[in-house]
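Listed below, chain by chain, are the residues.
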Amino acid sequence: MTSTDTDELGPVDYLVVEFPPATSNFTGEMAAELDKLVTSGTIRVLDLIILTKGADGELDALEVDDLEGAGELRAAEAKLAGLLAEEDVVNLAAAMKPGTTAGVLVWENVWAGPFAAAARRSGGQLIANGRIPIQAILASIEADEEGE
């Protein structure tokens, strides 16, 4: 990334999606949706890896180019910056159950970059952020509907 890229850098998020043994499918619908987000300029993929955790807890990390049949995921790979360090991968994998596979995605919210840059130029700095789980939103809507 150049300094011009970092001047306009938007918020960066990550997620880890875990799949039970023998049920992982990283080349289907999820890959197509990720490709749409990248192609539209909504996000920029900074890192994307696949983790497998053996029944004994042993961890294996694969880059997208190591996967056969990665399809649309390869399109996003060209944008990768390899942000995750080995220590990050180990920390993320700690949440995984033995015998599972997980996809780890780190992305920049490109859509928010201009706002974030304007805030920085104005002397502002991000002091807090968070995410509201969809289950909490659905529970709140349900509670409101029951209260009517």
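Higher on the page you've got the structure.
Residues numbered from 1 in each chain as written. Predicted model: local features only at pLDDT ≥ 70, side-chain atom pairs only at ≥ 80, totals over all residues. Heavy atoms only, no water.

## Notes on the environment of I43
Stage number 1. Summarising the element assignment, I43 is placed in strand β2 (residues 43-53).
Stage number 2. A residue is classified by how much of its surface remains accessible, and I43, at 8% relative accessible area, is buried.
Stage number 3. Along the primary structure I43 and A112 are separated by 69 residues, whereas in three dimensions their C-alpha atoms are 9.3 Å apart.
Stage number 4. Leave out the neighbours within four places in its chain, and I43 touches L34, L37, V38, W107, E108, N109 and V110. (Helix = DSSP H or I, 4+ residues; strand = E, 2+ residues; numbered from the N terminus. Buried < 20%, exposed > 50% of the residue type's maximum accessible area, 1.4 Å probe, protein only. Contact = heavy atoms within 4.5 Å.)

## Some words on a negative patch on the surface
Stage number 1. A cluster of acidic side chains, namely E142, D144, E145, E146 and E148, defines a negative patch on the protein surface.
Stage number 2. Turning to its location among the elements, E145 is positioned in helix α6 (residues 134-147). (Patch = residues over 30% accessible without salt bridge, like charges linked within 9 Å, V, L, I, M, F, W, Y side chains within 5 Å. Areas by Shrake-Rupley, 256 points an atom, 1.4 Å probe, with all protein chains shown as cover. Salt bridge = Lys/Arg side-chain N within 4 Å of Asp/Glu carboxyl O. Lys, Arg positive; Asp, Glu negative; His and termini not counted. Charge placed at Lys NZ, Arg CZ, Asp CG, Glu CD.)

## Digging into the pairing of β2
Stage number 1. With nine of 11 residues buried, β2 is to be regarded as a mostly interior element.
Stage number 2. The pairing of β2 with strand β4 (residues 101-109) spans nine bridges and is antiparallel. If you follow V45 over to β4, its bridge partner there is W107.
Stage number 3. Where β2 meets strand β3 (residues 59-63), five bridges bridge the pair, whose relative direction is antiparallel. (Pairing = 2+ DSSP bridges.)

## Some points on the pattern of salt bridges
Stage number 1. In total, this model carries three salt bridges according to the counting rule given.
Stage number 2. Measuring nitrogen to oxygen at the nearest pair gives 2.7 Å for the salt bridge that ties R131 to D13. Taken together, the residues span a long stretch of sequence, with R131 in the loop between α5 (113-121) and α6 and D13 in strand β1 (residues 12-19) at a distance of 118 residues.
Stage number 3. For R131, a relative accessible area of 59% gives the class exposed.
Stage number 4. Residue D13 is classed as buried on the basis of its relative accessible area, which comes to 15%.

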